[in-house]
Every structure is written in C-alpha cells, then in structure tokens.
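The lines below spell out each chain.
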Amino acid sequence: MESMTESHTPWRAPAGAFWSSTWRDAAETLAVVDAENGTVVGKVADCTPAEVDEAVRAVSAAVLNDEPWPVWRRREALHRAAGLLAERRDRFVELLSSEGCKPVRDAEREVQRAVETVRLSAEQADRLEGRTLPFGDTPRGANRVGWFTREPVGVVAAITPFNDPLNLVAHKVAPALIGGNGVVLKPAEQTPLTALAFLEVLLDAGVPAGRVAVLPGHGASVGAALVSHPLVDLVSFTGGWTSGNAVARSAGAKKTLMELGGLGAVIVLRDADIHRTAAAIVDGAFGNAGQNCLSVQRVFVAHERAEELVDLVVRGTRELLVGSKSERITDVGPLIDEPSAERVEAWVTEAVEAGARLQIGGKRDGAFYWPTVLTDVPAGSRVLGEEIFGPVVSIESFDRLDAAVDAINRSDYGLQAGVFTRDIDAALGVAQRLRVGAVMINDTGDYRIDAMPFGGGKRSGVGREGVPYAVEAMTEPKIIAIHHSA
Ligand code: NAD
C-alpha cells in the first residue's frame, strides 16, 4: 500500500448530534476511523437511550404542535437541499471516502445519486393526493360525500448501514420529510459524519429544525431505544438480517420497513455475450469491495461457456487496482474494518480447504482484501450460502438451467438477480421463475435506479424502498366523510 496518503477532513460537524433544534456534544464520544490507515477522522456523540427519548418526544411535539409545514414549502426545501448537496459535492466525496469505504470515483457517484434521490423526493409533492370515496356504490352510502387525503404517519425512525452512508440516509429522510413527517435518524456507527453533514444541508435548505434529529450511537442501545419508542410511528431500517430480526423484536407491532441483505446471483446462458457478461460480473462483484447488498456473489454459467467466462472474469479482476481510497485510479478500497477483512479471509480459506479452487485473489493486508474468484466451491460452503459482504465471487457451471434457478430459489435471500442471454424468451422464462424482487436482463442484479420499487423477500427484507414507494409507505390515507340531509 505504498500509495496510501493520510486521510483528513476539512469539514467538521458543528457538534456530535442534533435534536430539539440544537447541535449537541455528548459526554461520551464515538471515534470515527478511516479503515485504510487507522486515522481518527472525527468524533461524534455516542448517544444514550435517555437522549433518544428526549429527541423522539421533541420531534413528535414539533410534528403535532409547531406551525404546519405545507407541501409547497416541503417541496421548496427539498429542491434547495438537492442543490446544496450538489454544491457541497467535494465535501461529501471527502467524507464518504474517509469514514466510509469508497474510493473517490465511487464516492462521486454516490453523491450524484443522493442529489437525484432528494430531487425525486421533492417531486413527490405532486403525488400527495387523495380521491373521493365511492359512496354511490352501496345503499349504505346514501346522502354521503367524502374523500381521503394522504397524511404523514408522524415520527419516522430511520436506521442506516455503513456501505452507502449518504444515499441510504437520503432514501429514508427525504421521503419522510416530503410526506410531512418528523424523522429521527441513527446512522451507522462507522459513518455518522456524512449523516451530520446531510442534516446541515437540510437545515440550510429550510427544513424546520424541530422536525429532524440525528443521534449517532450503537445499534443495541440507541437503535433499540429508537425503534421501541412508543412515539415512533414507523421504522425504516436498512442493515443485515441479524440486526433486522432484533429490530423487529424491539419494534413490536409497529409499521416496519426493512431492507436487508442479499446474495446476488447471476445466470449466464450459452448464447450470452460473454465479454459484456464478464465485465458486468467484475464490476458487480468488486464495486465498493463487495460491500453492497446487490453485490454479485454467485455466478451460474452454462457449462459450454464456463471456461471462457472464468478466464475473462479472472483477467478483468487482475486489472483492478487495489489501493488508497483517495487516489482517483483506485478501483477497490478497504473493507470497513480489519475484522471484516479477516472474516472474508476465513470464509475463503474454509472453502479452499474444502476443495474450492482459488482462481485469483485470496490475499489480505489489514482491512484490504483482494478481489477473489473461486470455482469448484463445495456445496455447503459459507461463501455460497451466507452474505459475504466482501470482494468474493464464486462461479459454478450448470448442465440444466433448472438446477441454477432452483439453487437461487433455495437461497435464504431474494433481493435481485441477473440473467445474460440474447434469447428474450429464455430470459423472460428465467425472470418469471426466480423468487427475487428484481431480475435484470443483460445486467447483473447490481443495478438500480432510485425511483424503482426496491427490495426483496425472505431474508432480504420486508416492503419496498425507492422514493415514490417510500413516500407512499410513510403516509397514510385519512378519510373525511359528510352525512348530509337529502
Ligand atoms: P448492521 O445490520 O450491522 O447495521 C445497520 C444499522 O443497524 C446500524 O446503524 C446499526 O447500528 C443498526 N443496528 C444494529 N443492531 C441494531 C438493533 N438491535 N436495533 C436497532 N438498530 C441496530 O449492517 P451493516 O454492517 O452496517 O451493513 C451491512 C448490511 O446491510 C448487509 O447485510 C447489507 O446487505 C445490508 N444492506 C442492505 C441494503 C438494502 O437496501 N437491502 C442496502 C445496504 C446494506
């Protein structure tokens, strides 16, 4: 890692947390560390359950008692926020690539997407409308007229992971605000600075300060206190399946949306454009060092093309530059911390000891793990059955397409998948049979736009995110009906 440079961040959070319209420093602090070199890039508050209680009560009171925040003002504020985010792009790129895992080019893409997410949220103002009710349809509707409007649910608790520290925060906070809610955000322990900088954007854009709170801290304390709070009306959680289960238990009977893990699979049919397929697999498996719920982890290829595909994927992998996040030439940065890289290393070692062939990679240095391609992985290996969240892809060949489809459907996860073929009938046949939230044809499952309904079943989540769908989930119909004289 000779090319590594000391990380620094010129932006300093005004304080370590924010609630009741006030920036706050807490007694206990949480150090934010750059995984690449161990540098402390900032300190934020390590909030307590008592502070969560205070914050939720304050946001709830603001939503109920402060002067109304009409839709046109929400739209204006979020449009301004999208503009400010674009203006402060360099600050966010630096934050994302110092506290997070992204090399600068990937960080730039995330900021661009977050600008779109906030803009899309502002535009949802046009969709916050209701309908008249069909009283004429039943004798019991005589002399009645009525309608419903879309109303905020109230207080949204947002909990986010480390791997997209800006865009995943934007995907929860901006839809909640355009829907007229208050939001209490607990960002990932590893990436709270980006969340605080995003809050600053919202406040500068004119979002009423009482309606938003950001409380950094640990999942088991701050997160659990937040989701179980009786004044929280909706929980929007993104993270791993184990944490999701804990959240479901703490939240109890409460509206809960969950975006959880994935085990991204790709099917490659005999007639696929193999160069294009290999390039997409390399990109989908190793972007953000595989720390992506959509990351490609398993590839099933028709046996006639297996050798060629493995060869091209290995060649593409060899060209990737592993190095410092701050360098524009870097393709693959570190994992979020050294224990994560050690876990990935252990799973690969276990597979290789059980008979898997290491085609390339398999090397670790601190938090860095080199992009790794495995073949001949024995059934039952963790690299095939559990979300690895690291830069490792396994390629398996199949004789019968049904076997590949069955293997994907038997997996515990069901987020997105890809199929590569020139035969549209075959592609649609596979797409219909796969039990996942989305099937991308001639793309890997590592593709999304922020306006699509995003999510999956099984261990991949409950409900759908994606701006219009999040706004719909974070608002509810409210009926007003009039019984009039004949
Ligand atoms: P994580 O589950 O460890 O943490 C996510 C968040 O949950 C953090 O803010 C954490 O503090 C909080 N948390 C943990 N335990 C909690 C509890 N008991 N109560 C309340 N909050 C709690 O996940 P991570 O390591 O930050 O992120 C990686 C995981 O996130 C992967 O599984 C990945 O697939 C998933 N993810 C999913 C999506 C998606 O949209 N489906 C997107 C990104 C990441």
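Residues numbered from 1 in each chain as written. Predicted model: local features only at pLDDT ≥ 70, side-chain atom pairs only at ≥ 80, totals over all residues. Heavy atoms only, no water.

Moving on, we get to the environment of G456. Counting through the fold element by element, G456 comes out in the loop between β21 (438–441) and β22 (457–458). Residues G456 and A438 lie 18 residues apart in sequence; the distance between their C-alpha atoms is 7.7 Å. Excluding residues that lie within four positions of it along the chain, G456 makes contacts with G414, L415, G437, G461, V462 and R464. (Helix = DSSP H or I, 4+ residues; strand = E, 2+ residues; numbered from the N terminus. Contact = heavy atoms within 4.5 Å.)

The next subject is the site of the ligand. As a matter of local geometry, the ligand sits amid 27 residues, with T160, E189, S243, L260 and E387 nearest to it. One of the backbone nitrogen or oxygen atoms of G219 is found 3.4 Å away from an oxygen atom of the ligand. Separating an oxygen atom of the ligand from a backbone N or O atom of G239 is a distance of 3.4 Å. Against a free-state accessible area of 840 Å², the protein chains account for coverage of 88% of the ligand. Elements with a minimum of two residues in the shell around the ligand: α7 (219–227), β10 (234–238) and α8 (241–251). Counted by class, the shell around the ligand contains 14 nonpolar, nine polar and four charged residues. Both domains that furnish three or more residues to the shell around the ligand are identified here as domain 1 (17–260 + 461–479) and domain 2 (265–449). (Near = heavy atom within 4 Å. Polar contact = N/O pair within 3.5 Å; in protein donor to acceptor, adjacent residues only side chain to side chain. Areas by Shrake-Rupley, 256 points an atom, 1.4 Å probe, with all protein chains shown as cover. Nonpolar A, V, L, I, M, F, W, Y, C, P; charged D, E, K, R; others polar. Domains from an automatic or database assignment.)

This part covers the sheet that holds strand β24 (residues 475–483). Read from one edge of the open sheet, three strands run β5-β6-β24, paired in antiparallel fashion. Either end of the sheet is taken by a strand with one partner, and the two such strands are β5 (131–132) and β24. Sheet topology note: the strand β6 (residues 144–152)/β24 ladder contains nine bridges and is antiparallel. Residue V145 lies in a different strand from β24, and its bridge partner there is I482. (Pairing = 2+ DSSP bridges.)

Further remarks concern the packing of helix α2 (residues 71–87) against helix α4 (residues 104–123). Direction vectors running N to C along α2 and α4 enclose 170°, while the axes themselves pass 8 Å from each other. Here α2 lies roughly antiparallel to α4, going by the angle between them. Within the contact between the two elements, α2 uses R75, L78, H79, A81, A82, L85 and A86 and α4 uses V111, A114, V115, V118, R119, S121, A122 and E123. Looking at the contact of α2 with α4 residue by residue, the class counts come to ten nonpolar, two polar and three charged. (Axes fitted to C-alpha atoms, helices over the stretch in contact; angles between N-to-C directions. Parallel < 35°, antiparallel > 145°, perpendicular 65-115°, else oblique.)

What follows concerns α8. Here α8 has its buried residues at G244, V247 and A251. End-on view of α8: buried residues confined to an arc of 60°, all on one side of the axis. Exposed residues on α8 whose side chains face more than 90 degrees from its buried face are T242 and R249. Of the surrounding secondary structure, the elements contacted by the buried residues of α8 are α7, β10 and β11 (255–259). Downstream of α8 by one or two residues, G252 has phi in the positive range, about 65°. (Buried < 20%, exposed > 50% of the residue type's maximum accessible area, 1.4 Å probe, protein only. Arc of directions from axis to C-beta.)

Before going further, it helps to examine the pairing of strand β3 (residues 29–33). Both faces of the sheet carry side chains from a regular strand, because those side chains alternate between them. Only one face of β3 is covered, namely the face carrying L30 and V32; the face carrying T29, A31 and V33 is uncovered. The pairing of β3 with strand β4 (residues 40–45) spans five bridges and is antiparallel. Counted as the bridge partner of T29 is A45 from β4. Where β3 hands over to β4, the hairpin turn is made up of six residues, of which G38 adopts a positive phi near 75°.

Right, let's get into the nonpolar core. Soluble, globular proteins show a tendency: their nonpolar side chains are buried together. Among the nonpolar cores identified, the biggest contains 59 residues, and L85, V118 and F198 are the most heavily contacted of them. No other element matches the nine residues that helix α6 (residues 192–204) contributes to this core. For F198, the contacting residues outside a window of four places in its chain are L85, F92, V118, L166, V169, A170 and V173. (Core = buried A, V, L, I, M, F, W, Y, C linked by side-chain atoms within 4.5 Å.)

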